[in-house]
Amino acid sequence: MSDQTDGRLAGVRSALLSIRPNANDGSLTGTSGSSNTEPPEIAAASSESESVSRQGSGADSSASAAASTQPDAETTTTSESGSGLAMPAGDKPLGSPRVDNAVIEARDLDVFYGDTQALHGINMDIPEKEVTALIGPSGCGKSTFLRSINRMNDLIDVARVEGDLHFHGKNVYEDDVDPVALRRKIGMVFQKPNPFPKSIFDNVAYGLRVQGKDDNVEENVLTALERAALLDEVEDQLDESGLDLSGGQQQRLCIARAIATDPEVILMDEPASALDPVATSKIEDLVEELAQEYTVAIVTHNMQQAARISDKTAVFLTGGHLVEFDDTSKIFENPESDRVEDYITGKFG
Amino acid sequence: MSTEPIDLSRNGNDVGTIGDRLARYIFFGCAAVTIATTLAIVLVLVNGATDFFSTVSLTEFFTGTDWSPRAADNPSFGVLPLVWGTLMITVGSALIAIPIGTLTAIYLSEYASSRVRRVVKPTLEILAGIPTIVYGFFALSFITPILQQIYPGTGTFNAAAGAIVVGVMIIPMVSSISEDAMSSVPDSLRNAAYGLGATKFEVSTQVVLPASLSGILAAYVLAISRAIGETMAVTLAAGALAQVTMNPFAEIQTMTAYMVEIGTGDASVGSIGYQSLFAIGLTLFAMTFLMNVLSMWIRSRYREEYQ
Ligand SMILES: Nc1ncnc2c1ncn2[C@@H]1O[C@H](COP(=O)(O)OP(=O)(O)OP(=O)(O)O)[C@@H](O)[C@H]1O
Ligand SMILES: [Mg+2]
């Protein structure tokens, strides 16, 4: 068994350091050279038409109309980058919720679970190839927001999303968007490690196979494990079950699984919450490294972690409101909101 | 902090101890009754079968292809025609129930909204509660006439109608146990696959099915042993002519149907026909027992390994 593994390794080892598992994906846009005006190909193949009917679009619906009519201070910044959506004044958080290089833009995003509203008019951008931290007390809707980005909320029967969420300028809640295609561009790492009851190798290969990236599977699996800082620990046991790994290793396995398919954005929901300090710092290093090539949004309960690894920080507070969004240094050194300051310094939450 | 010693001695609380013991005896008693009943059944069967096998050789019984216990001058006791009849019903009904039941389970567990599930699941379970004699009448008065339209050579009693009706009868067993196994697969596994861009079909077939395989296989085995033991419906639908035939539209007799025929008929106690009931009963018992062992083996071999 280990012979076979060694064989696999030998052929690939040399290539590990330089190669990215990107090659065979022609449809990805914006991974290199960054043009965030170009719409990603997430539309369902059947519908060509630009559908305007979307789930419960509110009064300030069409984003482009809003951009041209609203005399918002931020629109000047907007025009510079040639893209971007104006932020409705109503629910605008404190700080600077607009960024120039936004990949994801939430506009007046509401999420409901049945009759309870979990998110209220969220307006924020997620910048490309940076780390955006989402912090806030338990139950304030951080996971909900993350799930609304790649439409994982679709899988919850009672969940309902209103408002817009743009990925490369395309509202992902429009009817012609295929959530499966969207999730192939926006990968996710969950709060609790959830490896499949398959071998370590098959865990990482699963996404590649599902997405039809069948060339160089072995190479891509090994590269992903290497990048997730796991390969050294598991290279002799690639055929053993992913469930036999420790919690921290499982979480890095899940990260490897998410990056193996080379998504554009990686959403991480408290990836280190169940880990010891050593494993945590490994994951933190990994996140910082990932941000050189990927856009990362990460939920964390750990203030120091947010401060250490993120470029931007969004502070959600109880009730599902985004209170302040700004550069991480600004949030942690000199937040505009007193409540945010209290939260960060541990006075509540 | 209290310095007073605490009384932990065994007779510190007599009432509690007695109640405890009493409960223990009652629970043990109930378990013992079940075990004793099973043992008694096996003993009775073995005892009767021993008498039978003192007249008929084991070889004749297990390899003979002619079952004519009431032939006046030369009765013949080859069990194979009856086993064949049982197999036809079992295989035929499994061919119907396993695909339909499994697909129903996948639909209910992965595709149906909770509202649909709330209606369909109880409906299926009602199907499982209908007395089997009613199924037999249904086969005789509804399924067989349809088969006769399709294939005019179909007999009034025929294996196909029996297999179909038993198949329908065990669908709820397959679907309900499989559905339980599938819905106990944790959502975190589904989310992992959905998050990687898997479609619902891929999640159902590549993640949920393998993860619940042991429960699903156990459902199959249980449903099959139910089909083996099924009596009233096959007696009514498939008939009482013990023969080895490949023709599904011909009359057959299953082991159980023979037992009904003799058990309710005129075989006098102690006669060879009466003793043959025990031999067949023991064979049936062995078959279903083997199926149950198989189901347990499957469960431990393919234990669901998710967290
Ligand atoms: N599947 C669900 N069904 C109903 N309500 C839900 C569901 N998921 C979350 N909620 C509710 O939505 C609110 C926000 O939950 P969410 O999980 O997004 O919070 P969170 O900020 O991630 O909290 P934590 O830090 O504890 O993970 C909570 O009040 C929660 O009860
Ligand atoms: Mg959460």
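Bear in mind the structure is a predicted one, so any value in this text is a computation, not a measurement. (Residues numbered from 1 in each chain as written. Chains lettered and ligands numbered in written order. Predicted model: local features only at pLDDT ≥ 70, side-chain atom pairs only at ≥ 80, totals over all residues. Heavy atoms only, no water.)

To continue, consider the UniProt feature "domain: ABC transporter" (unreviewed entry) in chain A. Look at the UniProt record and you will see "domain: ABC transporter" (unreviewed entry) annotated at residues 104-344 of chain A. Annotated as 37% helix and 27% strand, the span residues 104-344 of chain A places its first and last C-alpha atoms 25 Å apart. (UniProt positions renumbered as here; feature names shortened; annotations may be inferred. Helix = DSSP H or I, 4+ residues; strand = E, 2+ residues; numbered from the N terminus.)

Residues and elements named next belong to chain A. If you check the shell around ligand 1, you find 14 residues, and the closest are Ser138, Lys142, Ser143, Thr144 and His301. In this structure, an oxygen atom belonging to ligand 1 sits 3.3 Å away from a main-chain N or O atom of cysteine 140. Threonine 144 places a side-chain nitrogen or oxygen 2.4 Å from an oxygen atom of ligand 1. Among the elements that make up the shell around ligand 1, the one with the highest residue count is helix H4 (residues 142-149) (4 residues). Of the residues in the shell around ligand 1, the class split is 4 nonpolar, 7 polar and 3 charged. (Near = heavy atom within 4 Å. Polar contact = N/O pair within 3.5 Å; in protein donor to acceptor, adjacent residues only side chain to side chain. Nonpolar A, V, L, I, M, F, W, Y, C, P; charged D, E, K, R; others polar.)

Residues and elements named next belong to chain B. Evaluated as defined, the whole model comprises 15 aromatic pairs over all chains. Ring centres of phenylalanine 53 and phenylalanine 61 lie 5.3 Å apart, and the angle between their planes is 85 degrees; on these two criteria the pair is classed as edge-to-face. Consider the rings of phenylalanine 53 and phenylalanine 62, whose centres lie 6.4 Å apart with planes at 20 degrees: the pair is stacked. Here phenylalanine 53 falls in the partly exposed class, since its relative accessible area comes to 23%. (Phe/Tyr/Trp six-rings, centres within 6.5 Å; stacked < 30°, edge-to-face > 60°. Buried < 20%, exposed > 50% of the residue type's maximum accessible area, 1.4 Å probe, protein only.)

Residue and element names in this part refer to chain B. Here the UniProt feature "transmembrane region" (unreviewed entry) sits at residues 25-46, 82-108, 128-151, 157-174, 207-228 and 277-298. Along residues 25-46, the helical share is 100% and the strand share 0%, with 31 Å between the first and last C-alpha atoms. With 89% helix and 0% strand, residues 157-174 has its two end C-alpha atoms placed 26 Å apart.

With that out of the way, let us pick up the pairing of strand S11 (residues 321-327) of chain A. Residue and element names in this part refer to chain A. Where burial is concerned, most of S11 is hidden: 5 out of the 7 residues are buried. Across 2 bridges, strand S1 (residues 94-95) lies against S11 in parallel orientation. Bridge pairing in S11 links glycine 95 to phenylalanine 325. Bridge count for strand S10 (residues 312-317) against S11 is 6 bridges, and the pairing is antiparallel. (Pairing = 2+ DSSP bridges.)

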